Every structure is written in structure tokens, then in C-alpha cells.
Amino acid sequence: MMEQLTRLLSISLGAILINNFIFSQFLGCCPFLGCSNKVETAAGMGLAVVFVMGIASAICYVVNMLLVALGLGFLQTLAFILVIAALVQFVEMFLKKMVPSLYAALGIYLPLITTNCAVLGVVLLNVQEDYNFIEAVVHGITGGLGFMLAIVLFASMRERIEFSEYPESFKGFPISLVTAGLLALAFMGFSGMKIF
């Protein structure tokens, strides 16, 4: 039991800090750069990604077991994309009905979760690492939390940079990329950590 808890803690900290999908694996950069103008929007996008990653990990684990049992493992990626697309449609309908302001703020980036390579990456990593059901779900949720941490930190920095002075040639997107690079360097400091 203690060994399993240690493994889950290792998976969790690894997904949030060490192997962060944005800063270490560079997956999901499109919504990261697009939805990080305001902290509220970034937090909403982060929560949506956490939900989709967690549920996708659970459902795709079962789908993968079924595909392997039927000898259709080669359809894995296609099946995972279909599951993720259906989940994103569900999240989109929910936000449109229940939180229209967040739905409007996320705009085109909400449907982009469907093609967000971080979501597909987490379910493929679950299969690659041969995680059991609990480990896959924990990896999905904490991977989403790592994404949320990255996007909220980046959004808060972008809000502050807006009022800072820097060279004219860095205005707009270039200063955002410099900031993202510096955040990635900060997260690289976690790469030397050994967890249990």
C-alpha cells in the first residue's frame, strides 16, 4: 500500500513539476500562448484541460484495454482522438450553458482542446508507461494541474509585463515568448529532482 502511494506521489509531482507538459515536453503550446492574456481566462482554460485530461485518461484506459483484447491496438490513436473530441464537445456545451462569459472569453481556443497535443499526449503516455487505471487517472489529473499551473503563472506574468517598460521591438508576442522561455528555464530546475 505504501509503495503504491509513493508511486502515485511520484507520478503526481512528475506530471506537475518535472515533466510539465508545457515547459518540459512542449505539448499544448497553442492554448498556452493564446489564452494567457488574463488570469481568469487562463484559470478557466486550465480547469477545462484538467477535466478533459482526467476523464480522457479514465475513458481511454478502458478503450485501450478493449482494443487490445480485440486485437485492434493499431486503432489506439484514432480511438483516443474520438474520445477526446467527444469530451471537449461536452465541456463546450456545459460552458456555453452554465458559464457563458468564460465560454466567450475562451473563444476559438476551447475547441482547440480537441487537438491539444497535451491531452492526446497524456493518454498516449499512460499507455507507454503501462500505468494501471488509478495511475492513469492520477497522471491525467495532475498533468492537467501542471498545465493549469503553467498557464496561470504565465498569464499573471503577462498581466504585469503589460505595464512594464521594455524595448519597442519586444512589444506584443516577442516579450511573451521571452517570458515563456524564462519560465521554462525555471521549471528546468526541477528536472534534477529525484522523487523516491
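Before reading on, note that the structure itself is shown above.
These notes cover the structure that comes with them. Here the structure is a predicted model, which is why all the values come from computation and not from measurement.

## Here we look at the packing of aromatic side chains
This model, assessed by the stated rule, comprises 6 aromatic pairs. The interplanar angle of 35° and the centroid separation of 6.2 Å between the aromatic rings of Phe 51 and Phe 90 together place this pair among those described as tilted. One end of the pair, Phe 51, is in helix α3 (residues 39-69); the other, Phe 90, is in helix α4 (residues 76-98), and 39 residues separate them in sequence. On the basis of relative accessibility, which here comes to 43%, the residue Phe 90 falls in the partly exposed class. Judged by centre distance (5.6 Å) and plane angle (75°), the ring pair of Phe 187 and Phe 190 falls under edge-to-face. With relative accessibility at 27%, the residue Phe 190 sits in the partly exposed group.

## Here we look at the nonpolar core
Among the nonpolar cores identified, the biggest contains 41 residues, and Phe 23, Phe 32, Met 45, Ile 113 and Val 123 are the most heavily contacted of them. Contributions of two or more residues to this core are made by α1 (2-18), α3, α4, α5 (100-106), α6 (117-128), α7 (133-161) and α8 (173-188). Apart from residues lying up to four places away in sequence, Ile 113 is in contact with Met 45, Ala 48, Val 49, Val 52, Ile 84, Val 88 and Val 119.

Cut-offs applied
- Counting starts from 1 at the beginning of each chain's written sequence and moves along it residue by residue.
- Local features in this predicted model are restricted to residues whose pLDDT is 70 or higher, and side-chain atom pairs enter the listing and the counts only when it is 80 or higher, whereas totals over whole chains, interfaces and linings include all residues.
- Side-chain numbers come from the whole structure's heavy atoms, not from hydrogens or water.
- The rule is short: rings of Phe, Tyr and Trp, with Trp giving its six-membered ring, pair when the centres are within 6.5 Å, and they are stacked under 30 degrees, edge-to-face over 60, tilted in between.
- Going along the chain from the N terminus, every DSSP run of H or I of four or more residues is numbered as a helix, and every run of E of two or more is numbered as a strand.
- Under the scheme applied here, a residue whose accessible area is under 20% of the maximum for its type counts as buried, over 50% as exposed, and between as partly exposed, the area being computed with a 1.4 Å probe on protein chains only.
- Definition of nonpolar core: a set of buried residues of the types Ala, Val, Leu, Ile, Met, Phe, Trp, Tyr and Cys, connected through side-chain atoms within 4.5 Å.
- A contact between two residues is defined here by any heavy atoms of the two lying within 4.5 Å.

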